[in-house]
Every structure is written in structure tokens, then in C-alpha cells.
Protein chains: 2
Amino acid sequence: MPTIGPKTAARLVFHLLNRPRGDADALADAIVALKERVQLCSRCYSITEHDPCPVCADPQRDASMICVVADSKDLFAIERTSAYDGRYHVLGGLISPMDGIGPSQLRVRELVDRVATDAPAEIVVATNPNAEGEATALYLSRLLAPSGVNVTRLAYGLPIGGDLDYADENTLARAIQGRRSL
Amino acid sequence: MPTIGPKTAARLVFHLLNRPRGDADALADAIVALKERVQLCSRCYSITEHDPCPVCADPQRDASMICVVADSKDLFAIERTSAYDGRYHVLGGLISPMDGIGPSQLRVRELVDRVATDAPAEIVVATNPNAEGEATALYLSRLLAPSGVNVTRLAYGLPIGGDLDYADENTLARAIQGRRSL
């Protein structure tokens, strides 16, 4: 398993051996429940215990916005900011020709269907600020152009709280190009 | 001197002792020349060997834009990006009530005078993405509002090439708020 090598594995085993039997049973049950209870939301494809997921089931969330993310991890990162109150769509990855991942391996068809049926006003593409994320964002913006929906992208620029001359040149260049009126 | 403690100082001294006498003379001359030849540009107040500085003297640079920076270090960081071809104005610091630095300690008066005489179309405030930088940007935008110049600020958002869920929550929130149409 990731980040667990032989030494850490041994440490975990000895820890479990030193705990009461109930702890080991509880851990085993939790692992079984993980696979049994966690499923994909049938609307946004995020991982959830209940279908639809809490975000899709919440009538307070703005249904006119759909935020497109690569995976559920990114969805939870955005939820932690409390800066977004629309719905989500989890693609299940990013377009990456180098890894042989094209739109057909992702939930792009499902997104197009949702745009057609739900007619949202805005699609916020929140993919990673790298080559795959950019390629996916551009692909989606072209694909969705005929539907007339406003496709937006997270801002590039300076991270908050830093120092201007610590920013790398590409980021600083994007911050200059993306400057905004005060 | 910064980053040079007793051990590094001793290492530098022994290095100089091992070199021919000409090297020590050249270093001494360079240090004297540093104070003698380096001065402030009389237009933008950046450090320069010649007055006006190469940016102010270059007729190819867009005179309708003035980029306001805290110090010459930030000016050079922006020059390295090649993303900006206007002029500069070096404030000599940032507004910081905690450190007792107000507008009167900075070259704010000089900026207002330049805006009045040069009548630029845009002032790009390129201060640090932190509390002092924000305070300075807001102060300048209010101060310059009557002149009608368009005051802009560098974009906040995701640094290029990173991973969305490595961004801190404030930065991600600003990236969402600052999203742009594709």
C-alpha cells in the first residue's frame, strides 16, 4: 500500500498485537465496510456513502453551477474552502495522451448529458494547473461551446501570503496577464 | 552581513589569502564601485548604474502603463518573466502599520505626481500577496481613483504546474472567486 513499506507494516502489526482483540475486529470491519458502503454518486460520480451524495442531495446548493474535477480528492479540497456552493462532476481523471487517457476513458459523455438535461449556467473547470489539466479544460470548453454554457477555469496567479519574488516565472507571468481592476 | 556568519567569514578570508593580490584589489574596487556607481533612477527609483535606468530610457517600453513594486528586487523578478513591457515605479517598501511605515515613508507622492504629469492609462500594483501588499494596493487604488487611471492588481490563484489539492485553502478559494471564462 502507498507510503507503507516493510518497516511501517511491521510497526502497524506490532501495534495491533498490543491492542485488545476488539480493535483489530473493528479495523477489519471498517475495511470491509469501506468497500461495501462507499459507492459512486449516480449524479456527480464522487465517492459517497449515500446515493445521491450530500452535495447533490442538498437543495441549498446552487444547481446552476457544475464544478468539474478530476477526482473526489479535488472535490473535497474545494469543499474545505467553503468558497463554492454549486454542484460537482467528477471526471475520473484527466486527458493525458502520454498515458493513453482520452475523453472516452473519462466521464465526459455523462457531463455532456448533464449539461443537456440540467442546463446549468456555468461549468467551472477545476482541473490541475498543469499540462493535463489545461488540455482537459480546453477540450471541455470546445466540446461544450455549442450548448452555450459559460465554461470558466480557476484563476492562475500568486499564492496567498507569499512573496512576489518567490513565485516562479511562469506563475508570475500568468499573474501579470491575469491582473484585475481594483 | 546577511547569511555570512563567523565560519563563512573565516572561509572567505582564507580563500582571499590563497588568491593573488590582484583578486583582493578587484573585489575591493568592485565594492567601492557598488556604492559609487549604483544610484536610484530619477524617474522610477529603481537601482541603476545609469540615470534614467534602462527601462525608463527604452522608447520601446509602453509608457501608458506603470507597474508599482515595493523594491527593485521585485522589479527584476517581473523583468525576468518578459510578460510586462511597461514602466515601473519603486515605492521603497509597503504600508505596514505594525512596523510604523505609512504612505509618507514611501514614494507615494512621487507616484501621484507621475500619474498627474504622464497620465498613464493603467497602474499595475504588483505588491506582495500578503497583508502589507494588499493594504498598499487598496490605499493606492483609493488615492488614485480621482485621477481616473485604471488601477489593477496581479492575479491571485493557483501556481502553474502544481496540484490542485496541494494549494492552501485561501489560495484555492481565491482561484475559485477569480475564475475566468475559457
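Note that this is a predicted model, so its numbers are computed, not measured. (Residues numbered from 1 in each chain as written. Chains lettered and ligands numbered in written order. Predicted model: local features only at pLDDT ≥ 70, side-chain atom pairs only at ≥ 80, totals over all residues.)

Participant: Could you give an account of the interface of chain B and chain A, with specific residues and numbers?
Facilitator: At the interface, 49 residues of chain B touch 48 residues of chain A. When contributions to the side of chain B that touches chain A are tallied by element, the ones reaching two or more residues are α4 (72–81), β5 (122–125), α6 (131–144), β6 (150–153), α7 (169–177) and β7 (180–181) of chain B. Counting residues per element, the side of chain B that touches chain A draws most heavily on α7 of chain B, at 9 residues. Here the side of chain B that touches chain A is composed, by residue class, of 24 nonpolar, 14 polar and 11 charged. Sheet analysis places strand β6 (residues 150–153) of chain A next to β7 of chain B, joined by 2 bridges and oriented antiparallel. Within β7 of chain B, the position partnered with Thr152 of chain A by the bridge is Ser181 of chain B. (Contact = placed C-beta atoms within 7 Å. Helix = DSSP H or I, 4+ residues; strand = E, 2+ residues; numbered from the N terminus. Nonpolar A, V, L, I, M, F, W, Y, C, P; charged D, E, K, R; others polar. Pairing = 2+ DSSP bridges.)

Participant: How would you explain the pairing of β6 of chain A if you had to name every residue and give the values?
Facilitator: Residues and elements named next belong to chain A. Pairing geometry for strand β5 (residues 122–125) and β6, over 4 bridges, is parallel. Note that in β6 the partner of Val125 across the bridge is Arg153. Handedness of the crossover joining β5 and β6 through helix α6 (residues 131–144): right-handed. (Right-handed = clockwise from strand over helix to strand, strands pointing away.)

Participant: Could you give an account of the environment of Arg80 of chain A, with specific residues and numbers?
Facilitator: Position of Arg80 of chain A among the secondary structure elements: in helix α4 (residues 72–81). Between the alpha carbons of Arg80 of chain A and Glu134 of chain A there is a distance of 23 Å; along the sequence they are 54 residues apart.

Participant: Give me the environment of Glu110 of chain A: which residues, what numbers.
Facilitator: Residue and element names in this part refer to chain A. Tracing the backbone through its elements, the reader meets Glu110 in helix α5 (residues 108–118). Exposure remark for Glu110: the 17 C-beta atoms within 10 Å place this residue in the partly exposed category. Once the C-alpha coordinates of Glu110 and Ile176 are considered, the two residues, 66 residues apart in sequence, prove to be 36 Å apart. (Buried ≥ 20, exposed ≤ 12 C-beta atoms within 10 Å, placed from the backbone.)

Participant: Can you lay out the sheet that holds β5 of chain A for me, pointing to particular residues and giving the numbers?
Facilitator: The strand order across the open sheet built from 5 strands is β4(A)-β3(A)-β5(A)-β6(A)-β7(B), with neighbouring strands paired in mixed fashion. Of all the strands in the sheet, just β4 (86–90) of chain A together with β7 of chain B have a single pairing partner and so form its edges. In terms of strand pairing, strand β3 (residues 62–69) of chain A meets β4 of chain A through 5 bridges, oriented parallel. For Cys67 of chain A, the partnering residue across the bridge sits in β4 of chain A and is Tyr88 of chain A. Across the sheet, α4 of chain A touches β3 and β4 of chain A, and the angle it forms with β3 of chain A is around 125 degrees. Contacting β3, β5 and β6 of chain A, α6 of chain A crosses the sheet at an angle of about 170 degrees to β6 of chain A. (Axes fitted to C-alpha atoms, helices over the stretch in contact; angles between N-to-C directions.)

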